[in-house]
Amino acid sequence: DAKTTQPNSMESNEEEPVHLPCNHSTISGTDYIHWYRQLPSQGPEYVIHGLTSNVNNRMASLAIAEDRKSSTLILHRATLRDAAVYYCILRDLGTGGADGLTFGKGTHLIIQP
Amino acid sequence: EAGVAQSPRYKIIEKRQSVAFWCNPISGHATLYWYQQILGQGPKLLIQFQNNGVVDDSQLPKDRFSAERLKGVDSTLKIQPAKLEDSAVYLCASSQKGLLAQNIQYFGAGTRLSVL
(Lines give C-alpha, C1' and ligand atoms only; values in the text may rest on other atoms or scores of the structure.)
Protein backbone atom coordinates (compact mmCIF):
# COMPACT_ATOMS: atom_id res chain seq x y z
CA ASP A 1 0.00 0.00 0.00
CA ALA A 2 1.15 3.56 -0.73
CA LYS A 3 2.55 5.64 2.10
CA THR A 4 0.62 8.32 4.00
CA THR A 5 1.91 11.21 6.13
CA GLN A 6 0.00 12.59 9.10
CA PRO A 7 0.89 15.03 11.89
CA ASN A 8 1.89 13.26 15.09
CA SER A 9 -0.65 15.13 17.20
CA MET A 10 -3.34 17.80 17.08
CA GLU A 11 -5.30 19.60 19.73
CA SER A 12 -8.79 21.04 19.53
CA ASN A 13 -11.52 22.35 21.79
CA GLU A 14 -14.73 20.55 22.56
CA GLU A 15 -17.70 21.40 20.32
CA GLU A 16 -15.47 22.89 17.63
CA PRO A 17 -14.77 21.39 14.19
CA VAL A 18 -11.58 19.41 13.70
CA HIS A 19 -9.73 19.00 10.42
CA LEU A 20 -7.26 16.11 10.34
CA PRO A 21 -4.93 16.21 7.31
CA CYS A 22 -3.33 13.33 5.44
CA ASN A 23 -0.82 13.53 2.60
CA HIS A 24 -0.56 10.68 0.11
CA SER A 25 1.38 12.06 -2.83
CA THR A 26 2.13 8.61 -4.32
CA ILE A 27 -1.50 7.47 -4.37
CA SER A 28 -2.47 5.35 -7.38
CA GLY A 29 -5.69 5.62 -9.35
CA THR A 30 -7.17 2.52 -7.71
CA ASP A 31 -6.30 3.38 -4.10
CA TYR A 32 -9.20 4.01 -1.74
CA ILE A 33 -8.62 6.37 1.20
CA HIS A 34 -9.73 4.86 4.51
CA TRP A 35 -9.79 6.37 7.99
CA TYR A 36 -9.85 4.37 11.20
CA ARG A 37 -9.57 5.60 14.76
CA GLN A 38 -8.46 3.94 17.95
CA LEU A 39 -9.84 5.05 21.29
CA PRO A 40 -7.78 4.34 24.41
CA SER A 41 -7.64 0.64 25.33
CA GLN A 42 -9.78 -0.36 22.35
CA GLY A 43 -9.22 -1.83 18.91
CA PRO A 44 -9.36 0.42 15.86
CA GLU A 45 -12.77 1.29 14.45
CA TYR A 46 -13.75 2.26 10.93
CA VAL A 47 -14.63 5.91 10.38
CA ILE A 48 -15.06 6.57 6.66
CA HIS A 49 -13.62 5.87 3.21
CA GLY A 50 -13.70 7.34 -0.28
CA LEU A 51 -12.14 7.21 -3.73
CA THR A 52 -12.53 10.55 -5.51
CA SER A 53 -15.61 12.37 -4.28
CA ASN A 54 -16.16 13.87 -0.84
CA VAL A 55 -18.04 11.55 1.51
CA ASN A 56 -20.27 12.11 4.53
CA ASN A 57 -21.54 9.72 7.17
CA ARG A 58 -22.87 9.99 10.70
CA MET A 59 -19.38 10.07 12.20
CA ALA A 60 -17.45 12.41 9.92
CA SER A 61 -16.83 13.88 6.48
CA LEU A 62 -13.97 13.10 4.13
CA ALA A 63 -12.72 15.81 1.81
CA ILE A 64 -10.48 14.58 -1.00
CA ALA A 65 -8.29 16.96 -2.98
CA GLU A 66 -8.91 17.15 -6.71
CA ASP A 67 -5.49 15.60 -7.49
CA ARG A 68 -6.08 13.03 -4.71
CA LYS A 69 -2.65 13.69 -3.24
CA SER A 70 -4.16 14.73 0.08
CA SER A 71 -7.35 14.35 2.08
CA THR A 72 -8.88 15.75 5.24
CA LEU A 73 -11.04 14.04 7.82
CA ILE A 74 -13.54 16.48 9.29
CA LEU A 75 -15.21 16.03 12.66
CA HIS A 76 -17.93 18.65 12.60
CA ARG A 77 -18.34 19.08 16.35
CA ALA A 78 -15.73 17.34 18.44
CA THR A 79 -16.62 15.81 21.78
CA LEU A 80 -14.36 14.41 24.48
CA ARG A 81 -15.22 10.94 23.16
CA ASP A 82 -13.49 11.79 19.88
CA ALA A 83 -10.09 11.85 21.60
CA ALA A 84 -8.24 9.03 19.84
CA VAL A 85 -5.48 8.15 17.38
CA TYR A 86 -6.71 8.64 13.81
CA TYR A 87 -5.17 6.58 11.02
CA CYS A 88 -5.27 7.45 7.32
CA ILE A 89 -4.76 4.30 5.21
CA LEU A 90 -4.62 3.70 1.46
CA ARG A 91 -6.06 0.45 0.13
CA ASP A 92 -5.86 -0.81 -3.42
CA LEU A 93 -7.88 -3.55 -5.07
CA GLY A 94 -5.48 -6.14 -3.72
CA THR A 95 -3.92 -9.15 -5.32
CA GLY A 96 -4.73 -12.71 -4.36
CA GLY A 97 -7.20 -11.57 -1.77
CA ALA A 98 -4.63 -10.09 0.63
CA ASP A 99 -6.15 -6.95 2.07
CA GLY A 100 -4.66 -6.41 5.52
CA LEU A 101 -4.49 -2.80 6.66
CA THR A 102 -1.12 -1.04 6.76
CA PHE A 103 -1.20 1.37 9.70
CA GLY A 104 1.23 4.23 10.23
CA LYS A 105 1.58 6.02 13.56
CA GLY A 106 -1.51 8.15 12.97
CA THR A 107 -2.50 11.47 14.53
CA HIS A 108 -3.14 11.64 18.25
CA LEU A 109 -6.14 13.97 18.62
CA ILE A 110 -6.47 15.72 21.98
CA ILE A 111 -9.77 17.37 22.84
CA GLN A 112 -9.78 20.09 25.48
CA PRO A 113 -13.00 20.65 27.47
CA GLU B 1 -25.03 -7.58 16.46
CA ALA B 2 -22.21 -9.01 18.57
CA GLY B 3 -18.74 -7.70 17.84
CA VAL B 4 -15.42 -9.50 17.58
CA ALA B 5 -14.72 -11.33 20.82
CA GLN B 6 -11.21 -11.91 22.14
CA SER B 7 -9.87 -13.60 25.24
CA PRO B 8 -8.12 -13.24 27.52
CA ARG B 9 -7.96 -9.43 27.84
CA TYR B 10 -4.66 -9.55 29.68
CA LYS B 11 -1.88 -12.11 29.99
CA ILE B 12 1.41 -12.00 31.84
CA ILE B 13 4.00 -14.69 31.20
CA GLU B 14 7.73 -15.19 31.58
CA LYS B 15 10.03 -15.37 28.59
CA ARG B 16 10.33 -18.81 26.99
CA GLN B 17 6.82 -19.74 28.12
CA SER B 18 4.04 -20.36 25.62
CA VAL B 19 0.73 -18.47 25.30
CA ALA B 20 -2.42 -18.68 23.21
CA PHE B 21 -5.03 -16.10 22.27
CA TRP B 22 -8.56 -16.81 21.08
CA CYS B 23 -10.78 -14.87 18.68
CA ASN B 24 -14.42 -15.28 17.68
CA PRO B 25 -15.27 -13.09 14.66
CA ILE B 26 -18.58 -11.50 13.79
CA SER B 27 -21.05 -14.13 12.62
CA GLY B 28 -20.87 -14.67 8.87
CA HIS B 29 -17.55 -12.92 8.37
CA ALA B 30 -15.37 -15.07 6.14
CA THR B 31 -12.13 -13.12 6.60
CA LEU B 32 -10.19 -13.00 9.86
CA TYR B 33 -7.02 -11.07 10.67
CA TRP B 34 -4.51 -11.04 13.51
CA TYR B 35 -2.53 -7.86 14.17
CA GLN B 36 0.27 -7.06 16.63
CA GLN B 37 0.40 -3.57 18.14
CA ILE B 38 3.55 -2.59 20.01
CA LEU B 39 3.21 0.38 22.36
CA GLY B 40 3.35 3.68 20.49
CA GLN B 41 2.96 2.12 17.05
CA GLY B 42 0.09 1.31 14.72
CA PRO B 43 -1.09 -2.28 14.39
CA LYS B 44 0.90 -4.60 12.12
CA LEU B 45 -0.75 -7.46 10.23
CA LEU B 46 0.49 -10.90 11.24
CA ILE B 47 -1.83 -13.21 9.31
CA GLN B 48 -5.03 -13.17 7.25
CA PHE B 49 -7.44 -16.09 6.85
CA GLN B 50 -10.17 -16.51 4.26
CA ASN B 51 -12.50 -19.13 5.77
CA ASN B 52 -9.99 -21.72 7.05
CA GLY B 53 -7.25 -20.98 4.50
CA VAL B 54 -4.27 -18.65 4.93
CA VAL B 55 -4.24 -15.71 2.48
CA ASP B 56 -1.25 -13.78 3.84
CA ASP B 57 1.22 -14.75 6.56
CA SER B 58 4.24 -12.93 5.16
CA GLN B 59 4.81 -10.96 8.38
CA LEU B 60 4.23 -13.82 10.81
CA PRO B 61 7.45 -14.90 12.63
CA LYS B 62 6.92 -18.53 11.87
CA ASP B 63 9.72 -19.80 14.07
CA ARG B 64 7.68 -18.95 17.16
CA PHE B 65 4.19 -17.82 16.07
CA SER B 66 1.44 -20.06 14.73
CA ALA B 67 -2.24 -19.52 14.01
CA GLU B 68 -5.13 -21.69 12.97
CA ARG B 69 -8.78 -21.38 12.02
CA LEU B 70 -9.75 -25.00 11.69
CA LYS B 71 -13.50 -24.74 11.11
CA GLY B 72 -13.46 -21.35 9.43
CA VAL B 73 -14.93 -19.55 12.44
CA ASP B 74 -12.91 -19.20 15.66
CA SER B 75 -9.16 -18.71 15.53
CA THR B 76 -6.24 -19.12 17.90
CA LEU B 77 -2.85 -17.42 17.78
CA LYS B 78 0.02 -19.08 19.65
CA ILE B 79 3.48 -17.93 20.64
CA GLN B 80 6.02 -20.55 21.66
CA PRO B 81 8.48 -19.67 23.12
CA ALA B 82 7.74 -16.05 23.97
CA LYS B 83 10.42 -13.35 23.91
CA LEU B 84 10.51 -10.00 25.70
CA GLU B 85 9.89 -8.20 22.38
CA ASP B 86 6.56 -10.02 21.97
CA SER B 87 5.05 -7.76 24.62
CA ALA B 88 2.23 -6.06 22.72
CA VAL B 89 -1.51 -5.94 22.17
CA TYR B 90 -2.76 -8.69 19.86
CA LEU B 91 -5.80 -7.59 17.89
CA CYS B 92 -8.23 -9.75 15.97
CA ALA B 93 -10.40 -8.32 13.19
CA SER B 94 -12.96 -9.71 10.78
CA SER B 95 -14.64 -8.59 7.58
CA GLN B 96 -17.21 -9.79 5.10
CA LYS B 97 -16.00 -11.05 1.76
CA GLY B 98 -16.53 -8.35 -0.84
CA LEU B 99 -14.75 -5.66 -2.82
CA LEU B 100 -11.32 -5.74 -1.23
CA ALA B 101 -10.50 -2.06 -1.34
CA GLN B 102 -13.80 -1.20 0.34
CA ASN B 103 -13.89 -3.94 2.97
CA ILE B 104 -14.50 -2.63 6.46
CA GLN B 105 -12.61 -4.44 9.18
CA TYR B 106 -14.16 -4.79 12.63
CA PHE B 107 -11.69 -5.12 15.50
CA GLY B 108 -11.90 -6.74 18.89
CA ALA B 109 -10.61 -5.02 22.03
CA GLY B 110 -7.39 -7.04 21.91
CA THR B 111 -5.29 -9.11 24.31
CA ARG B 112 -2.52 -7.25 26.12
CA LEU B 113 0.51 -9.52 26.54
CA SER B 114 3.34 -8.74 28.92
CA VAL B 115 6.44 -10.94 28.74
CA LEU B 116 8.70 -10.66 31.81
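Residues numbered from 1 in each chain as written. Chains lettered and ligands numbered in written order. Predicted model: local features only at pLDDT ≥ 70, side-chain atom pairs only at ≥ 80, totals over all residues. Heavy atoms only, no water.

Undergrad: I'm lost on the overall build of chain B in this one. Help?
TA: Of the regular secondary structure elements, chain B holds zero helices and eleven strands. In sequence order, the secondary structure elements of chain B are arranged as β-β-β-β-β-β-β-β-β-β-β. For chain B, the C-alpha radius of gyration of 14 Å lies close to 13 Å, the compact-globule estimate for 116 residues. Oriented by its inertia axes, the alpha-carbon framework of chain B measures out at about 40 × 25 × 25 Å. Per-residue burial over chain B gives 45% buried out of 116 residues. Sequence separation of at least 24 residues holds for 52% of the intrachain contacts in chain B that already meet a minimum separation of 6. Put simply, chain B shows about 5,900 Å² of open surface, and 50% of that area lies on carbon and sulfur atoms. Distance from the positive charge centre (13 side chains) to the negative charge centre (9 side chains) of chain B: 2 Å. (Helix = DSSP H or I, 4+ residues; strand = E, 2+ residues; numbered from the N terminus. Rg over C-alpha atoms; globule rule 2.2 N^0.38 Å. Buried < 20%, exposed > 50% of the residue type's maximum accessible area, 1.4 Å probe, protein only. Contact = heavy atoms within 4.5 Å. Areas by Shrake-Rupley, 256 points an atom, 1.4 Å probe, with all protein chains shown as cover. Lys, Arg positive; Asp, Glu negative; His and termini not counted. Charge placed at Lys NZ, Arg CZ, Asp CG, Glu CD.)

Undergrad: Can you walk me through the sheet that holds strand β6 (residues 61-64) of chain A in this structure?
TA: Sheets are built from strands that pair by backbone hydrogen bonding, the pairs being arranged parallel or antiparallel. Residue and element names in this part refer to chain A. The strand order β2-β7-β6-β5 describes an open sheet built from four strands, whose pairing is antiparallel. Looking at the sheet topology across the chains shown, the edges are occupied by β2 (18-23) and β5 (55-56). Of the strand pairs in this sheet, β6 and strand β7 (residues 70-75) are connected by four bridges, and their pairing is antiparallel. Directly across from Ile64, in β7, lies its bridge partner Ser71. (Pairing = 2+ DSSP bridges.)

Undergrad: Can you help me understand unusual backbone geometry in this one?
TA: Here the bond from Ser7 of chain B into Pro8 of chain B is cis, since omega is -10 degrees, no more than 30 degrees from zero. Locating Pro8 of chain B in the fold gives a position in the loop between β1 (5-7) and β2 (10-13). For Glu15 of chain A, which is not a glycine, the phi torsion comes out positive at approximately 70 degrees. Along the chain, Glu15 of chain A falls in the loop between β1 (9-13) and β2. Non-glycine residue Ser41 of chain A carries a positive phi angle of around 60 degrees. Counting through the fold element by element, Ser41 of chain A comes out in the loop between β3 (32-38) and β4 (45-50).

Undergrad: Would you mind going over the side chain of Asn103 of chain B with me for this structure?
TA: Of note, Asn103 of chain B is situated in the loop between β9 (88-95) and β10 (106-107). In terms of polar contacts, Asn103 of chain B uses its side chain to reach the side chain of Asp99 of chain A, at 3.1 Å. (Polar contact = N/O pair within 3.5 Å; in protein donor to acceptor, adjacent residues only side chain to side chain.)

Undergrad: How do you make sense of the environment of Gly104 of chain A when you look at a structure like this?
TA: All names here are of chain A. Structurally, Gly104 can be placed in the loop between β8 (84-91) and β9 (107-112). When its relative accessible area of 35% is taken as the criterion, Gly104 is described as partly exposed. With 44 residues separating them along the chain, Gly104 and Ala60 place their C-alpha atoms 20 Å apart.

Undergrad: Could you clarify how one ought to interpret the state of the cysteines in this entry?
TA: All names here are of chain A. Scanning the entire structure with this criterion turns up two disulfides over all chains. Across the disulfide, Cys22 is cross-linked to Cys88 (sulfur-sulfur distance 2.1 Å). A torsion of -85 degrees about the S-S bond marks the disulfide between Cys22 and Cys88 as left-handed. With Cys22 in strand β2 and Cys88 in strand β8, this residue pair connects regions lying 66 residues apart in the sequence. (Disulfide = S-S within 2.5 Å.)

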